[in-house]
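# Structure assessment
What follows is the residue order along each chain.
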Amino acid sequence: MKLVDDVRDALLGLALESTRGIAITGFDADHTTGSILGRPRVRFTVADGPNAGSYLATAESLTPVGPDGGNDAAALSGWYAGLIRTHVCELAATSALPSTRGASVIWEPWVILREH
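Residues numbered from 1 in each chain as written. Predicted model: local features only at pLDDT ≥ 70, side-chain atom pairs only at ≥ 80, totals over all residues. Heavy atoms only, no water.

For the rest of this paragraph, the subject is the packing of aromatic side chains. A complete count under the given rule lists 2 aromatic pairs for this structure. When the centroid spacing of 5.3 Å and the interplanar angle of 20° are considered together, the rings of phenylalanine 44 and tyrosine 55 count as stacked. Of the two residues, phenylalanine 44 is situated in strand β5 (residues 41-46) and tyrosine 55 in strand β6 (residues 53-58); the sequence distance between them amounts to 11 residues. With respect to class, phenylalanine 44 is no different from tyrosine 55; both count as buried. (Phe/Tyr/Trp six-rings, centres within 6.5 Å; stacked < 30°, edge-to-face > 60°. Helix = DSSP H or I, 4+ residues; strand = E, 2+ residues; numbered from the N terminus. Buried < 20%, exposed > 50% of the residue type's maximum accessible area, 1.4 Å probe, protein only.)

Shown next, in the form of structure tokens:
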């Protein structure tokens, strides 16, 4: 699944916000249907602050929005990577993250599970 691989390559190892030590540590999806990612999963960590821990965010699907509708493969993977980065940073900046290991919360379109 080239789209999944391209999004993963764009995401992994990037420090998203140095003040809280937010980093994406994993990405996968079960399938793609055209330009739609099916069952995407994003692992991320927050190193500092009250939300410090590791998390797994899952969604049923992600669909590209924009003028191209996702026709250009490079633009599409970049769009997904940007969307996921934005969502992870917004999540980590809120008090919406679960505080207990094994607990989960819904933050549309994601379900976020605290792993550690």
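Our next topic: the packing of helix α1 (residues 2-11) against helix α2 (residues 73-93). The contact between α1 and α2 brings their axes to 9 Å, and the two run at 50°. The pairing of α1 with α2 is recorded here as oblique in orientation. Handedness of the crossing formed by α1 with α2: right-handed. Taken together, the residues of α2 that come into contact with α1 (itself represented by Leu3, Asp6, Val7, Ala10 and Leu11) are Leu76, Ser77, Tyr80, Ala81, Ile84 and Arg85. (Axes fitted to C-alpha atoms, helices over the stretch in contact; angles between N-to-C directions. Parallel < 35°, antiparallel > 145°, perpendicular 65-115°, else oblique. Left-handed = near helix turned anticlockwise from the far one by under 90°. Contact = heavy atoms within 4.5 Å.)

Only one face of β5 is buried, namely the one carrying Val42, Phe44 and Val46, since none of Arg41, Arg43 and Thr45 on the opposite face is buried. Judged from the 6 bridges that link them, β5 and β6 form a sheet pairing that is antiparallel. Looking at the pairing, valine 42 lines up with alanine 57 of β6. Counting the residues in the hairpin turn of β5 and β6 gives 6 residues, including glycine 49, whose phi is positive at 90°. (Pairing = 2+ DSSP bridges.)

Cis geometry marks the peptide bond from glutamate 108 to proline 109, where omega comes out at 5°. If you trace the backbone, proline 109 turns up in the loop between β8 (104-107) and β9 (110-114). Phi at arginine 39 is positive, roughly 50°, even though this residue is not glycine. Mapped onto the elements of the fold, arginine 39 is located in the loop between β4 (36-38) and β5. Residue arginine 39 is classed as partly exposed on the basis of its relative accessible area of 30%.

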